[in-house]
Amino acid sequence: MSVTENNVSEALREGAVIPAASRAERFTSYDVEAFEVPGGREENWRFTPMKRVRGLHDGSATATGEITFEAEAAPELKIETVGRDDARLGEAGVPSDRIAAQAYSAFQKATVVTVPKETKASKPSVLRIHGPGQDQVAYGHLQVRAEAFAEAVIVLDHVGSGTYADNVEFVIGDGAKVTVVSVQDWADDAVHVSEQHLKLGRDAALRHTVITLGGDLVRISPTATFADKGGDVEMLGVYFADEGQHQEHRLFVDHAVPNCKSRVMYKGALQGEGAHTVWIGDVLIRAAAEATDTYELNRNLVLTPGARADSVPNLEIETGEIEGAGHASATGRFDDEQLFYLQSRGIAEEAARRLVVRGFFHEILVKIDVPEVRERLEAAIEAELEAVGA
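The residue numbers shown here count from 1 along each chain, following its written sequence. Local features in this predicted model are restricted to residues whose pLDDT is 70 or higher, and side-chain atom pairs enter the listing and the counts only when it is 80 or higher, whereas totals over whole chains, interfaces and linings include all residues. Hydrogens and waters are ignored; side-chain quantities use all the structure's heavy atoms.

Structural notes on helix α2 (residues 98-106)
Turning to step 1, where the next piece is worked out: Working definition: with a 1.4 Å probe on protein chains only, accessible area under 20% of the residue-type maximum means buried, over 50% means exposed, and in between means partly exposed. Elements are defined by DSSP. Helices are runs of H or I of four residues or more, strands are runs of E of two residues or more, and each kind is numbered from the N terminus. Where burial is concerned, most of α2 is hidden: eight out of the nine residues are buried.
Turning to step 2, where the next piece is worked out: Burial in α2 covers these residues: R98, I99, A100, A101, Q102, A103, Y104 and A106.
Turning to step 3, where the next piece is worked out: We call two residues contacting when some pair of their heavy atoms lies within 4.5 Å. At its buried positions, α2 is contacted by β5 (137-146), β7 (163-172) and β9 (191-200).
Turning to step 4, where the next piece is worked out: Residue D97 occupies the N-cap position of α2, its side-chain oxygen lying 3.0 Å from the main-chain nitrogen of I99. Two N or O atoms form a polar contact when they lie within 3.5 Å of each other; inside protein one atom must be a possible hydrogen donor and the other a possible acceptor, and for residues adjacent in sequence the pair counts only when both atoms belong to side chains.

Structure below.
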């Protein structure tokens, strides 16, 4: 037995977490039983408080309710309710953990939203998902399809109560340009675990923004893959956690074809005892993905004692023939120099703190192209700051 094998065996005996050697080896399956029941020590689950996922991970959370789906869509879009046997479902990706597989196995009907070929939507479309209700459990599936050279802006607005797990697919056709904003503004009791699959065709462009504000526990896992050359994905995120909230964002960008670009930028703030945010950013550049251009960034602002932010960027490169690749992560409290600068110019400390937080989020806020969503987010941040007295 080698030294490495000895070390691994010893670690396993001690119950340590042994991470996968490569993200390229990530296991996926539609079959729930193909995944072991997670105990919380696995790399994929080590930050998640398993007792708070309400049995979504072990099969004990049977569906007792349904979500309510509302659409305020541009007239050019086609919205269908389909059964599990629709051949289009699963095209963007396969579940990569047990809860995602459970959600895929348990949904009874799915919603498919299509932007027709060479069509530009005349207005942003809002797809609102209401939770099943307090103490109820539901599973769901949503697929957004943008056919070749289509253009659209789509907002997913998650509200209400209950426990909800789902898979969301974005199939972006050749030359299509799509902006997606996924808002998690749940009630305080809600639990939401979602795997989002992003698949880009040749020369397709997708701006994917995640905004997480509410809920008891929210875990969003977006995975971006490229079907052909020239794909461009921008993944943005804003999150704000309060006392006792757990917000987790796990991203994976899989560069498997040449000449594609990805940019990731997530920013979060947290306040209150027990507030916990987790950001995992994995980027894999496979051997065939020459001329890849990628960069990922995460910033966290801790506003009060007792809050915790975990940030883990990972970059794996299998070829040296790339345009560029990098990552950065930082977590800290208010910048004393910034506060001093503002106060030295006659701005009160409370107002100065608010300005610092607004400036912290500004870089992402200006990229949200839907005025209603941007204004709603700005108001939510202001309300959070009032609550903490910043």
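Structure's up, so let's keep going.
Description of the packing of aromatic side chains
Turning to step 1, where the next piece is worked out: Two rings belonging to Phe, Tyr or Trp (six-membered ring only in the last case) form a pair when the distance between their centres is within 6.5 Å. Interplanar angles under 30 degrees mark stacking, angles over 60 mark edge-to-face geometry, and anything in between is tilted. The final tally for this structure, using the stated rule, is seven aromatic pairs.
Turning to step 2, where the next piece is worked out: Ring plane angle 80° and centroid distance 5.6 Å describe the contact between Y104 and F107, whose orientation is recorded as edge-to-face. There is no split in this pair, since Y104 and F107 are both buried.
Turning to step 3, where the next piece is worked out: Pairing F360 with F361 gives two aromatic rings, centres 5.1 Å apart and planes at 70°, and the pair type is edge-to-face.
Turning to step 4, where the next piece is worked out: The buried category is assigned to F360, whose relative accessible area is 15%.

Structural notes on the nonpolar core
Turning to step 1, where the next piece is worked out: Take the buried Ala, Val, Leu, Ile, Met, Phe, Trp, Tyr and Cys residues and link them wherever side-chain atoms come within 4.5 Å; each set so joined is a nonpolar core. F170, I172, L198, L200, L206, V233 and M235 are the most contacted members of the largest nonpolar core, which has 39 residues in total.
Turning to step 2, where the next piece is worked out: Not counting the four nearest positions on each side in its chain, L198 is found in contact with F170, L206, H208, P222, T223, A224, T225, V233 and M235.
Turning to step 3, where the next piece is worked out: In terms of nonpolar packing, the next biggest core, distinct from the first, is built from 31 residues, L213, M265, L339 and I368 among them.

Topic: the environment of P313
Turning to step 1, where the next piece is worked out: With respect to the helices and strands, the residue P313 is situated in strand β17 (residues 308-317).
Turning to step 2, where the next piece is worked out: A C-alpha to C-alpha distance of 30 Å links P313 and I129, two positions 184 residues apart in sequence.
Turning to step 3, where the next piece is worked out: If near-sequence neighbours (up to four positions away) are discounted, P313 is found in contact with W279, G281, E296, H327 and S329.

What to know about the sheet that holds strand β4 (residues 125-130)
Turning to step 1, where the next piece is worked out: Ordered by their spatial adjacency, nine strands build an open sheet running β1-β4-β6-β8-β10-β12-β14-β16-β18, and the pairing between neighbours is mixed. At either margin of the open sheet sits one strand with a lone partner, and together these are β1 (68-72) and β18 (324-332). Across this sheet, the average inter-strand angle for adjacent strands is 10°, counted without regard to direction.
Turning to step 2, where the next piece is worked out: Two strands make a pair as long as DSSP finds a minimum of two bridges between them. In this sheet, strand β8 (residues 177-184) lies alongside strand β6 (residues 151-159) in parallel orientation, the contact comprising eight bridges. Paired with L156 across the two strands is S182, which belongs to β8.
Turning to step 3, where the next piece is worked out: Angles run from 0 to 180 degrees between N-to-C directions of axes, and those axes are lines fitted to C-alpha atoms, restricted for helices to the stretch in contact. On the sheet, helix α4 (residues 349-365) packs against β12 (232-241), β14 (261-270) and β16 (293-302) and is oriented at approximately 160° with respect to β14.

Regarding the UniProt feature "domain: SUF system FeS cluster assembly SufBD core" (unreviewed entry) in the chain
Turning to step 1, where the next piece is worked out: UniProt positions are given in the numbering used here, feature names are shortened, and annotations may be inferred rather than shown by experiment. UniProt's entry tags residues 133-360 with the feature "domain: SUF system FeS cluster assembly SufBD core" (unreviewed entry), counted in the numbering of this structure.
Turning to step 2, where the next piece is worked out: What you have in residues 133-360 is 9% helix and 59% strand, and the ends, taken at the C-alpha atoms, are 34 Å apart.

Quick word on the pattern of salt bridges
Turning to step 1, where the next piece is worked out: Salt-bridge detection follows one rule: a side-chain nitrogen of Lys or Arg within 4 Å of a carboxyl oxygen of Asp or Glu. All chains considered together, the criterion is met by 22 salt bridges.
Turning to step 2, where the next piece is worked out: A salt bridge links E33 to R98; the shortest N-O distance between them is 3.6 Å. Placement of the pair is E33 in the loop between α1 (3-13) and β1 and R98 in helix α2, with a sequence separation of 65 residues.
Turning to step 3, where the next piece is worked out: For R98, a relative accessible area of 6% translates into the label buried.
Turning to step 4, where the next piece is worked out: Among the salt bridges present, the one from E382 reaches R358, with a minimum N-O distance of 2.8 Å.

Observations concerning the pairing of β7
Turning to step 1, where the next piece is worked out: In terms of residue burial, β7 counts as a mostly covered element, since ten of its ten residues are buried.
Turning to step 2, where the next piece is worked out: Going residue by residue along β7, you find T163, A165, N167, E169 and V171 tucked away on one face and Y164, D166, V168, F170 and I172 tucked away on the opposite face as well.
Turning to step 3, where the next piece is worked out: In this sheet, β7 lies alongside β5 in parallel orientation, the contact comprising ten bridges. When the bridges of β7 are listed, Q143 appears paired with E169.

Remarks on α4
Turning to step 1, where the next piece is worked out: Between its terminal C-alpha atoms α4 stretches 24 Å, which fits the 24 Å expected from 17 residues at 1.5 Å a residue.
Turning to step 2, where the next piece is worked out: Given a residue, its bend is the angle between the two axes fitted to the seven residues that end at it and to the seven that start from it. When the local axis directions of α4 are compared, the greatest deviation, roughly 25°, occurs at G359.
Turning to step 3, where the next piece is worked out: Those residues of α4 that fall on the buried side of the exposure criterion are A352, R354, V356, V357, F360, F361, I364 and L365. Given the number of residues in a helix, its expected span is that number minus one, multiplied by 1.5 Å.

Quick look at the side chain of H246
Turning to step 1, where the next piece is worked out: Looking at the element boundaries, H246 is found in strand β13 (residues 246-255).
Turning to step 2, where the next piece is worked out: Exposure remark for H246: the relative accessible area of 2% places this residue in the buried category.
Turning to step 3, where the next piece is worked out: Of note is the side chain of H246, whose polar atom sits 2.8 Å from the side chain of E248.

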